[in-house]
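# Structural characterization, general
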Amino acid sequence: MPEYTANELARESTRKRLSRIIESKPLIQGSLVESLRTCGKKGCRCYKEGPKHLSTYLSVRQGNKRIMVHVPEDAIPYVKECIANHQHLQDALAIISRDCMEVLISKKRQRNKRTKE
Ligand SMILES: [Zn+2]
């Protein structure tokens with residue numbers, strides 16, 4: 001049985017978490033933005049002085065443009081979940097990247113030690 005260090009086990013579970021998110025979770029790279037708007041109906045409270053309507057938009061970057069997509073009230077939980085899943089993915093990728101950098105640095109240190117001996 002091979003022995004694993006705590007770091008190796010942590011890395012393994014991070015990769016598993018990453019795979020699980022990619023395989024089965026909905027993902028959106030974007031953020032929710034709330035905005036006050038007028039609806040355009042002349043009889044509405046928002047037309048005169050009353051409070052405006054609070055609307056939620058999904059802000060997504062496409063190339064160097066930012067697009068805004070209106071999110072209906074009942075779709076907000078789904079979009080929030082998609083954004084959170086994407087964030088988890090980014091966090092897990094950052095952990096794996098950092099671990100791989102540490103491996104590279106420790107290999108370089110070992111090689112430098114060997115060449116000095
Ligand atoms: Zn209105």
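## A few points about the overall build of the protein chain
Helix and strand counts for the protein chain come out as 2 helices and 3 strands. Moving toward the C terminus, one meets the helices and strands of the protein chain in the order α-β-β-β-α. The C-alpha atoms of the protein chain give 24 Å as radius of gyration, which overshoots the globular expectation for 117 residues (13 Å, by more than 25%). Taken along the three principal axes of its C-alpha coordinates, the protein chain extends 85 × 35 × 20 Å. Put simply, the protein chain has 117 residues, and 3% of those count as buried.

## Re helix 2 (residues 76-116)
Note on helix geometry: an α-helix contains 3.6 residues per turn, so any two residues three or four positions apart are oriented the same way. The terminal C-alpha atoms of helix 2 lie 60 Å apart, and with 41 residues this matches the ideal 60 Å at 1.5 Å per residue to within 8%. Across the 41 residues that make up helix 2, only a small minority, 2, are buried.

## Considerations on the environment of N112
Following the sequence through the fold, N112 ends up in helix 2. For N112, a count of 9 C-beta atoms within 10 Å puts it in the exposed group.

## Digging into the environment of S19
For S19, the position within the fold is in helix 1 (residues 6-24). Under the C-beta neighbour-count criterion, S19 is labelled exposed, with 11 such atoms within 10 Å. For the pair S19 and T5, spaced 14 residues apart in sequence, the C-alpha separation works out to 21 Å.

## Here's the deal with the sheet that holds strand 3 (residues 65-71)
If you walk across this open sheet you meet the 3 strands as 1-2-3, and the pairing is antiparallel. The open sheet has two edge strands with one neighbour each: strand 1 (31-37) and strand 3. When the angles between neighbouring strand axes are averaged without regard to direction, this sheet yields 40°. Direction of pairing for strand 1 relative to strand 2 (residues 53-62): antiparallel, over a ladder of 7 bridges. Paired with L32 across the strands is L58, a residue of strand 2.

## Here's the deal with the pairing of strand 2
In terms of strand pairing, strand 2 meets strand 3 through 7 bridges, oriented antiparallel. Its bridge partner lying in strand 3, L58 is registered against V69. The turn joining strand 2 and strand 3, which pair antiparallel and follow one another in sequence, is formed by 2 residues; a positive phi near 65° is taken by G63.

Cut-offs applied
Residues numbered from 1 in each chain as written. Predicted model: local features only at pLDDT ≥ 70, side-chain atom pairs only at ≥ 80, totals over all residues. Helix = DSSP H or I, 4+ residues; strand = E, 2+ residues; numbered from the N terminus. Rg over C-alpha atoms; globule rule 2.2 N^0.38 Å. Buried ≥ 20, exposed ≤ 12 C-beta atoms within 10 Å, placed from the backbone. Expected span 1.5 Å × (residues − 1). Pairing = 2+ DSSP bridges. Axes fitted to C-alpha atoms, helices over the stretch in contact; angles between N-to-C directions.

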